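# Fold and contact review
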Amino acid sequence: DPILLIKIAEGGKSLAGDFRPPSAGGTTGVMYTKLVDNVAAVMADPGAYYPDYDGREVELAGLVWFQGWNDFVNEEYVNEYEDNMVHLIHDVRSAWGTSELPFVIAETGNACGENSLGLATCAAQKAVPELPEFIGQAAYVRTRDYYFDRLDSPYDNATHHWRGNFQSYYLIGHDMGEAMLPLLEKSAQ
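In this text the structure is predicted, and so the values were computed from the model without any measurement. (Residues numbered from 1 in each chain as written. Predicted model: local features only at pLDDT ≥ 70, side-chain atom pairs only at ≥ 80, totals over all residues. Heavy atoms only, no water.)

## With respect to the packing of aromatic side chains
- Within the structure shown, the criterion is met by 6 aromatic pairs.
- Here Phe-19 and Trp-65 contribute two aromatic rings whose centre-to-centre distance is 5.0 Å and whose plane-to-plane angle is 80°, an arrangement assigned as edge-to-face. Remark: Trp-65 occurs in strand β1 (residues 63–66) and Phe-19 occurs in the segment before α1 (30–44); sequence separation between them is 46 residues. Like Trp-65, Phe-19 is buried. (Phe/Tyr/Trp six-rings, centres within 6.5 Å; stacked < 30°, edge-to-face > 60°. Helix = DSSP H or I, 4+ residues; strand = E, 2+ residues; numbered from the N terminus. Buried < 20%, exposed > 50% of the residue type's maximum accessible area, 1.4 Å probe, protein only.)

Here is the structure:
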């Protein structure tokens, strides 16, 4: 079957602020609203986004989350990261009427070794799929192994954006897809 990827991506965004889910309290993030609204718009009119759409039923199958850099630079954001991710999963599932929507969370692996806040963010990302409520519905993907040496990357003086290394992004995307497959199989049962 055809697969349509709905990409919501803007650099420099945090889960604690920009993507802040409503149930986390405080001001709902602008990017959270954009995420929910854009997915709903595509689901309501897939033909506007996929010209070969033939009118078949459309299913929202899963969500992959690859973010974290802009949280690990703020200790308060790091301390609430795990809770915010739990709220995000619950809130988008509720907004889209998909109570068991599979989630794959990729660690912000280019920050895991940088400092204690980076390590804490990665630990929070890993912890969410291990919570009893998400077993079999969420997965964690380790990515720090794909943070290649600066001499093997286009941006040899950068620590962010995976030093512009295409291979990093390819391998992370591959692993996220592989992690999603068993979740999709389980949700289809």
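Read on for the rest.
## Some points on α1
- Helix length check: α1 (15 residues) gives 21 Å between terminal C-alpha atoms against 21 Å at 1.5 Å per residue, within 8%.
- Here α1 has its buried residues at Met-31, Tyr-32, Leu-35, Val-36, Val-39 and Val-42. Angular distribution of buried residues about the axis of α1 spans 140°; they occupy a single face of the element. Within α1, the exposed residues directed more than 90 degrees away from the buried face are Val-30 and Ala-44. (Expected span 1.5 Å × (residues − 1). Arc of directions from axis to C-beta.)

## Focus: the pairing of β1
- Of the two faces of β1, the one holding Leu-63 and Trp-65 is buried and the one holding Val-64 and Phe-66 is not buried anywhere.
- Here β1 pairs with strand β2 (residues 103–106) via 4 bridges, running parallel. Bridged to Leu-63 within β2 is Phe-103. (Pairing = 2+ DSSP bridges.)

## Some points on the side chain of Ser-153
- As for its placement among the helices and strands, Ser-153 is situated in the loop between β3 (138–141) and α6 (166–188).
- With near-sequence residues (within four places) excluded, Ser-153 lies in contact with Phe-148, Arg-163 and Asn-165. (Contact = heavy atoms within 4.5 Å.)

## Describing the packing of α1 against helix α4 (residues 81–96)
- Running from N to C, α1 and α4 point in directions that differ by 35°, and their axes come no closer than 10 Å. For the pair α1 and α4, the crossing hand works out as right-handed. Every residue of α4 that contacts α1 at Tyr-32, Leu-35, Val-36, Val-39 and Ala-40 is listed here: Leu-88, Asp-91, Val-92, Ala-95 and Trp-96.
- Tallied by class, residues from the contact of α1 with α4 come to 9 nonpolar, no polar and 1 charged. (Axes fitted to C-alpha atoms, helices over the stretch in contact; angles between N-to-C directions. Left-handed = near helix turned anticlockwise from the far one by under 90°. Nonpolar A, V, L, I, M, F, W, Y, C, P; charged D, E, K, R; others polar.)

## Concerning the sheet that holds β2
- Taken in spatial order, the 3 strands of this open sheet run β1-β2-β3, and their pairing is parallel. Strands with a single pairing partner mark the edges of an open sheet, and in this sheet they are β1 and β3. Neighbour-to-neighbour, the strand axes of this sheet turn through a mean angle of 15°, independent of strand direction.

## With respect to the nonpolar core
- Residues Trp-65, Met-85, Val-92 and Trp-96 are the most contacted members of the largest nonpolar core, which totals 25 residues.
- Elements with a minimum of two residues in this core: α1, β1, α4 and β2.
- No other element matches the 7 residues that α4 contributes to this core.
- Residue contacts for Met-85: discarding those within four places in its chain leaves Leu-15, Trp-65, Ile-105 and Val-128.
- One finds Val-104, Val-141, Ala-179 and Met-180 within the second-largest nonpolar core, a separate group that totals 12 residues. (Core = buried A, V, L, I, M, F, W, Y, C linked by side-chain atoms within 4.5 Å.)

## Brief notes about the environment of Phe-148
- Relative to the helices and strands, Phe-148 resides in the loop between β3 and α6.
- Expressed as a C-alpha distance, the spacing of Phe-148 and Ala-16, which sit 132 residues apart in the sequence, is 28 Å.
- The contact partners of Phe-148, leaving out residues within four places of it in the chain, are Ser-153, Arg-163, Asn-165, Gln-167, Ser-168 and Leu-171.

## Some remarks on the pattern of salt bridges
- Taken as a whole, this structure holds 6 salt bridges when the rule is applied.
- The salt bridge involving Lys-34 is made with Glu-10; its shortest N-O contact spans 2.4 Å. Highlighted residues: Lys-34 in helix α1 and Glu-10 in the segment before α1, separated in sequence by 24 residues.
- The partly exposed category is assigned to Lys-34, whose relative accessible area is 34%. (Salt bridge = Lys/Arg side-chain N within 4 Å of Asp/Glu carboxyl O.)

## Let's talk about the side chain of Asn-165
- In this fold, Asn-165 is placed in the loop between β3 and α6.
- Side-chain polar atoms of Asn-165 contact the backbone nitrogen of Gln-167, separated by 2.9 Å. (Polar contact = N/O pair within 3.5 Å; in protein donor to acceptor, adjacent residues only side chain to side chain.)

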